[in-house]
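Architecture and fold: a report
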Amino acid sequence: MIYTTKTFIANNGERFSQLHEADEPGFPLFYPTAYILRAVRPSATHETQKVHLAVIKRICEWESSRNVDLARNFQAFKFLSAVQIDDLANYLRASKLGHKGDVISSPKYNTYVVYAAGYLRWLAQEVITDSNTRDIRDAVEAQHKSMLSKKRRKAGSKSAREQRTATAKLPAEARNQLLDLFDKPFEDLQQPQDFGPRMRNVVMLRVLYETGMRLGELLSLKLKHFIESGGGDSAYLDIERNHNDKVDSRLNQPVAKTTGRRLPISESLEEQLMEYRNDWRAEVPGVGFSDNAFIFVVHRGGRSQGKALPKTAFSSALANLKKFFRPLTSVHPHLLRHDWNYRYSKLADSLGIPYEEERTLREQQMGWVPGSPMSRVYNLRHIEEKSLEVGRKIASDTARATV
């Protein structure tokens, strides 16, 4: 059986997705829909709901391929055997992309196991009329714990991951190439139709580089969020929480995961944003000019021309830039966020900003809540470099004094 996930936009702007059988697309699957609606949606974003559905989709595919009906089996008090749980866990871990035998990453697999266990427990409790009796409750919980036991406990050293995050930065050649592009955005271009999209792409990369904002926040920027300099104040970009935005027609709406905030930008970026807005964006057919119109739009012809740029289009644009400029091969939006934090740490050191103030300012710029664990991770670099400095001074005590 083939299953497909469809996404819709409600009248209030809320995005929701449903799981369908490919042969019967008119009606969503009952239990997965009920589970998302009642157990997941009240406390999860649409992006998280889609991950739950991706897991349930795999469970449904596993049922079909193994000729198993979980709902019917649970109604008859037949729970998954140890062999079946192993088999389902292996099915969850298999990569749908790449070659046969490839597997998904351990962190992603662990998330899938947790979500699968939650759905299986809910389904059993849903279909068994007397699920509160002690024997049934114990059986359901035993199945739940057995499923959770399939998590991979050694998904990599946490300290090693934190170290990689704290020190992640752009390679020198990538940084130099980006800075060159910021100065000469039309380098190597010949076709007139390519100038507008190139200017858009370069400005977007520069926004990510200068502010460290997330890609979802970048794609959600509207004309009203760009505030030009004046009265002695520099230009800045406003980030707003934007879940379920009614004016956003994108099914997979980019959202701001972090808190709202105001981010200053350089004078050069301000000038390029105004140039893009006034000289290139304004010429795109169908583009909007209201305060709520999105800054970055689709330039190419088609039904989406003039509308807000989707994530997939940005990914394609970045991939195209990498073909022209090989030093950008390693660049991706989140690496630019890491690099911003690296540059911020270096600047904080040079200015002698105290540790707690450095952390507070970082949390504000990144949109993290006070005391964010991520702020602590990035500040590890500061602590480690200071400890090395102290260590070197102590080690130098062993040197013989010269006469």
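Along each chain, the written sequence defines residue order, and numbers are assigned to residues from 1. Two thresholds apply to this predicted model, a pLDDT of at least 70 for residue-level local features and 80 or more for giving and counting side-chain atom pairs, whereas whole-chain, interface and lining totals are computed over all residues. Hydrogens and waters are ignored; side-chain quantities use all the structure's heavy atoms.

A short note on the overall build of the chain
- Under the DSSP-based scheme used, a helix requires at least four consecutive residues in state H or I and a strand at least two consecutive residues in state E, with every element numbered from the N terminus. Within the chain, the secondary structure is distributed over 15 helices and six strands.
- For the chain, the C-alpha atoms occupy an extent of roughly 80 × 75 × 40 Å along the three principal directions.
- The cut-offs for exposure are 20% and 50% of the maximum accessible area for each residue type, with area from a 1.4 Å probe on protein chains only; residues under the lower value are buried, those over the upper are exposed, and the others partly exposed. Residues classed as buried in the chain amount to 43% of the 403 residues present.
- Contact criterion: two residues are considered in contact whenever any of their non-hydrogen atoms come within 4.5 Å of each other. Within the chain, contacts between residues separated by at least 24 positions form 62% of all contacts whose residues are at least 6 apart in sequence.
- Of the roughly 21700 Å² that the chain leaves accessible, carbon and sulfur atoms contribute 52%.
- By the counting scheme adopted, Arg and Lys are positive, Glu and Asp are negative, and His together with the chain ends is not counted. To locate a charge, take atom NZ for lysine, CZ for arginine, CG for aspartate or CD for glutamate. Each charge class in the chain was averaged separately, 61 positive and 48 negative side chains, and the resulting centres sit 6 Å apart. In short, Shrake-Rupley with a 1.4 Å probe defines the accessible areas, and a residue's cover is counted only from the protein chains shown.

Notes on the packing of helix α4 (residues 82–93) against helix α6 (residues 134–148)
- Two elements in contact, α4 and α6, have axes whose closest approach is 10 Å; the angle formed by their N-to-C orientations is 45 degrees. By the angle between their axes, α4 is oblique relative to α6. Both α4 and α6 take part in a crossing whose hand is right-handed. Contacts from I85, L88, A89 and L92 in α4 reach Q143, S146 and M147 in α6. Only C-alpha atoms enter the line fits that serve as axes; for helices the fit covers just the stretch in contact. Angles between N-to-C directions range over 0 to 180 degrees. By definition in this entry, angles of less than 35 degrees are roughly parallel, angles greater than 145 are roughly antiparallel, angles of 65 to 115 are roughly perpendicular, and the rest are oblique. Definitions for this section: a left-handed crossing has its near helix turned counterclockwise from the far helix by less than a right angle. A right-handed crossing has that turn clockwise.

Describing the pairing of strand β1 (residues 3–9)
- One requirement defines pairing of two strands: DSSP has to find at least two bridges between them. In terms of strand pairing, β1 meets strand β2 (residues 15–21) through seven bridges, oriented antiparallel. Counterpart to F8 in the pairing with β2 is F16.
- Between the antiparallel neighbours β1 and β2 lie five residues, among them G13 with a positive phi of about 95 degrees.

Details of the sheet that holds strand β6 (residues 261–264)
- If you walk across this open sheet you meet the three strands as β4-β5-β6, and the pairing is antiparallel. Pairing within the sheet leaves two strands with one partner each, and these edge strands are β4 (226–227) and β6.
- Across two bridges, the pairing between β4 and strand β5 (residues 236–239) is antiparallel. Residue pairing for β5: F226 is matched across the bridge by L237.

So, helix α14 (residues 355–366)
- End to end, α14 covers 16 Å across 12 residues, agreeing with the expected 16 Å (1.5 Å per residue, within 8%).
- For α14, the full list of buried residues reads E358, R359, R362, E363, Q365 and M366. Projected down its long axis, α14 carries its buried residues within an arc of 165 degrees, all on one side.
- Positive phi appears at G367, one or two residues downstream of α14, with a value of about 80 degrees. Any helix carries an expected span of 1.5 Å times its number of residues minus one. Throughout, the arc means that of the directions going from the helix axis to the C-beta atoms.

Thoughts on the side chain of S17
- With respect to the helices and strands, S17 occurs in strand β2.
- By the criterion applied in these results, polar contacts are pairs of N or O atoms within 3.5 Å in which, for protein atoms, one can donate a hydrogen and the other can accept it, and in which residues neighboring in sequence qualify only through two side-chain atoms. A polar contact of 2.8 Å, which involves the side chain of S17, links it to the side chain of T7.
- A polar side-chain atom of S17 sits 2.8 Å from a polar atom in the side chain of H46.
- Each residue touching S17, except ones within four places of it in the same chain, is listed here: T5, K6, T7, H46, K50 and L53.

In short, shape yes, function no, at least from these values alone.
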